[in-house]
Amino acid sequence: MVDNITDSIYSGRRTLCVVNRHSLQSGWCSLEMRLATYWLQVERRDVLMLLFLEEIPPVLLSAHHRPARLVKTRTYLDWPQDERQQPAFWDRLQAKLACWRPTDLEG
């Protein structure tokens, strides 16, 4: 299982991590997030995008220091709770993925 996760992250051009409270508490999801953020550091390119399905209190996110730091510096999207805004969300996600070019990271 871990090999499949690792192969998928390392062989992909970019990784979209979907985050909610449950995923932060799940051992498997936490492992996937750690592997993805590790790959971001190894590649030294912006290859990771976070998608938050719900508002995550800072105290919950701070336990996962890498995602907390990424929120401040990288591309991320929030899933709209209002159903009327969801079609626009899909348009924004598609546009971000279409024009998103991995860039070299600074420092």
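Everything numeric here is computed off the predicted structure, so don't read it as measured data. (Residues numbered from 1 in each chain as written. Predicted model: local features only at pLDDT ≥ 70, side-chain atom pairs only at ≥ 80, totals over all residues. Heavy atoms only, no water.)

## Focus: the overall build of the chain
- Within the chain, the secondary structure is distributed over six helices and three strands.
- The order of α-helices and β-strands along the chain, N terminus first, is α-β-α-α-β-α-α-β-α.
- Taking all 107 residues of the chain together, 35% fall into the buried category.
- When contacts within the chain are restricted to residue pairs at least 6 apart in sequence, those whose partners lie at least 24 apart make up 73%.
- A total accessible area of about 7100 Å² is found for the chain, and carbon and sulfur atoms account for 52% of it. (Helix = DSSP H or I, 4+ residues; strand = E, 2+ residues; numbered from the N terminus. Buried < 20%, exposed > 50% of the residue type's maximum accessible area, 1.4 Å probe, protein only. Contact = heavy atoms within 4.5 Å. Areas by Shrake-Rupley, 256 points an atom, 1.4 Å probe, with all protein chains shown as cover.)

## A word on the packing of aromatic side chains
- One pass over the structure, following the stated rule, counts three aromatic pairs.
- When the centroid spacing of 4.9 Å and the interplanar angle of 80° are considered together, the rings of Trp-79 and Phe-89 count as edge-to-face. You can see Trp-79 sitting in the loop between strand S3 (76-78) and helix H6 (86-99) and its partner Phe-89 sitting in helix H6, a full 10 residues away along the chain.
- Seen in terms of ring centroids, Trp-79 and Trp-90 are 5.5 Å apart; in terms of plane orientation they differ by 65°. Their pairing is edge-to-face. With Trp-79 in the loop between S3 and H6 and Trp-90 in helix H6, the pair connects residues that are 11 residues apart, well separated along the chain.
- Overall, the relative accessible area of 21% leaves Trp-79 in the partly exposed class.
- Feature note: the residues Trp-79, Phe-89 and Trp-90 constitute an aromatic cluster, connected by ring pairs. (Phe/Tyr/Trp six-rings, centres within 6.5 Å; stacked < 30°, edge-to-face > 60°.)

## Topic: the confidence of the model for the chain
- Counting all residues, the mean pLDDT for the chain is 75, and 77% of those residues have values of 70 or more.
- By mean pLDDT, helix H5 (residues 65-73) is the weakest element of the chain at 56, and H6 is the strongest at 85. (pLDDT = per-residue confidence, 0-100.)

## Some details on the environment of Val-18
- Structurally, Val-18 is set in strand S1 (residues 15-19).
- Those residues in contact with Val-18, other than ones at most four positions away along the chain, are Ser-23, Leu-51 and Leu-53.

## Here's the deal with the environment of Gln-25
- In this structure, Gln-25 sits in helix H2 (residues 21-25).
- Separated by 35 residues in the primary sequence, Gln-25 and Leu-60 have C-alpha atoms spaced 9.3 Å apart.

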